[in-house]
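# Observations on the three-dimensional arrangement
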Amino acid sequence: MRTVTGTSQATDLGAEPGLHLEYCGEWFTVRPGETFSVGREADLAIDDNPFLHRRLLQVSEFEGLWLLTNVGSRLSVTVTDGAGRLQSWLAPGARLPLVFGRTTAVFTAGPTTYEISIYVAEPVFSDTHPAASEGTTTIGDDVTLTVSQRQLIVALAEPLLRRDGTGLGEIPTSVRAAARLGWATTRFNRKLDNVCDKLDRLGVQGLRGGVRAYATNRRIRLVEYAIASRLVTRADLPLLDLKTDEE
């Protein structure tokens, strides 16, 4: 039987077999042999949003391996590992094995963006944590972000970080984000180019090049990636008020 707890911390998850989902502080346990659905009218009914499928995601076990399936017909889901180093797009009808200890699923329905964390008690792979030098954040093996580059991402992602359920349509313009940091717009755009170039070299799609690489789309894609991969979190919000000498 599935259990729901009101705790907001993943305590003793490894002591209980199965899979655990967390959404807005509520915990759901799925035991081996069970199937669990997520959607508007599902085991986890996350919202009455009419843009959301009645059933969008399904978690089930197959031969000892947990699978995440997109059972919707229109919406795609961004799936990342807990460390934010791997990212996949789960299209309608596609399924993905849950091989990490923690997996994050992010999807947008209409104006609202949702995030669900999924924990596997006995993951196939374990995370490794590359070291970062002081003043930088390491992403993957060879890409680092300076403090001011992280500030830029936080400024763009601030509405989503401060309010659960905020949609990507609330992402500020470059002018507004630059003003939030007290920067000139030219400085902001230069750093935005640098961040997008770095992540593009890492393999993150949609940040540069091609006829669809409009400014709005690039900001949205950057925030979507940063939130899904936990490149920035609420703990980074104080960076908005930090003054640096970087140019």
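Look above for the structure.
Residues numbered from 1 in each chain as written. Predicted model: local features only at pLDDT ≥ 70, side-chain atom pairs only at ≥ 80, totals over all residues. Heavy atoms only, no water.

## A closer look at the packing of aromatic side chains
Basically, it comes down to this: Only the six-membered ring of Trp is used, alongside the rings of Phe and Tyr, when aromatic pairs are assigned; centres must lie within 6.5 Å, and planes under 30 degrees apart are stacked while those over 60 apart are edge-to-face, with the rest tilted. Helix and strand assignments follow DSSP, with helices taken as H or I runs no shorter than four residues and strands as E runs no shorter than two, numbered in order from the N terminus. Any residue under 20% of the maximum accessible area for its type is buried, any over 50% is exposed, and the rest in between are partly exposed; the area is computed with a 1.4 Å probe on protein chains only.
Applying the stated criterion to the full structure yields four aromatic pairs. Centroid distance Trp27 to Tyr119: 5.3 Å. Interplanar angle 45°. Geometry classified as tilted. Residue Trp27 is found in strand S3 (residues 26-30), and its partner Tyr119 is found in strand S12 (residues 112-120); the two are separated by 92 residues along the sequence. We classify Trp27 as buried; its relative accessible area is 6%. Taking 5.6 Å as the distance between ring centres and 55° as the angle between the ring planes, the aromatic pair formed by Phe28 and Phe36 counts as tilted. Here Phe28 and Phe36 have matching classes, each one buried.

## Re the nonpolar core
This is how the line gets drawn: Only buried residues count toward a nonpolar core. Its members are Ala, Val, Leu, Ile, Met, Phe, Trp, Tyr and Cys residues joined through side-chain atoms within 4.5 Å. Here, residues are in contact when the closest pair of their heavy atoms is within 4.5 Å.
Ranked by size, the top nonpolar core spans 32 residues in total, and within it Leu152, Ile153, Leu156, Phe188 and Leu222 carry the most contacts. Elements represented by at least two residues in this core include exactly helix H1 (147-162), helix H2 (174-181), helix H3 (185-202) and helix H4 (215-228). Discounting chain neighbours no more than four positions away, the residues touching Leu152 are Leu181, Trp183, Phe188, Lys191, Leu192 and Leu222. The next biggest cluster of nonpolar side chains, apart from the first, holds 27 residues, and it includes Leu21, Leu44, Ile46 and Tyr114.

## Regarding the sheet that holds strand S10 (residues 95-97)
For the record, the criterion: Only strands joined by at least two bridges in the DSSP assignment are considered to pair.
Pairing in this open sheet of five strands is mixed, and the strands run S5-S4-S6-S7-S10 from one edge to the other. Strand pairing shows two members of the sheet lacking a second neighbour, strand S5 (44-45) and S10, which therefore form its edges. Bridge count between strand S6 (residues 57-62) and strand S7 (residues 65-70): six bridges; the pairing is antiparallel. Residue pairing for S7: Phe62 is matched across the bridge by Leu65.

## As for the packing of H2 against H3
Test applied: In this analysis, axes come from line fits to C-alpha atoms, helices being fitted only over the stretch in contact, and the angle between any two N-to-C directions falls in the range 0 to 180 degrees. Our angle categories are set so that under 35 degrees counts as roughly parallel, over 145 as roughly antiparallel, 65 to 115 as roughly perpendicular, and the remainder as oblique. Amino acid classes used here: Ala, Val, Leu, Ile, Met, Phe, Trp, Tyr, Cys and Pro are nonpolar; Asp, Glu, Lys and Arg are charged; the rest, including Gly, are polar.
One can describe the packing of H2 onto H3 by two numbers: an axis separation of 9 Å at closest approach and a directional angle of 105°. When the axes of H2 and H3 are compared, the pair comes out roughly perpendicular. In contact with Ser174, Val175, Ala177, Ala178 and Leu181 of H2, H3 contributes Thr185, Phe188, Asn189 and Leu192. When its residues are assigned to classes, the contact of H2 with H3 shows six nonpolar, three polar and no charged.

## So, the packing of H1 against H2
Here H1 crosses H2 at 100°, and the two axes come no closer than 9 Å. As the angle between them shows, H1 and H2 are arranged roughly perpendicular. Along the contact surface, H1 presents Gln151, Leu152, Ala155, Leu156, Glu158 and Arg162, while H2 presents Ala177, Arg180 and Leu181.

## As for unusual backbone geometry
Notably, Cys24 is not glycine yet its phi reads approximately 50°, a positive angle. Its location among the elements puts Cys24 in the loop between strand S2 (19-23) and S3. One non-glycine residue, Glu63, adopts positive backbone phi at about 50°. A residue is classified by how much of its surface remains accessible, and Glu63, at 72% relative accessible area, is exposed.

Coordinates in, geometry out; function isn't part of it.
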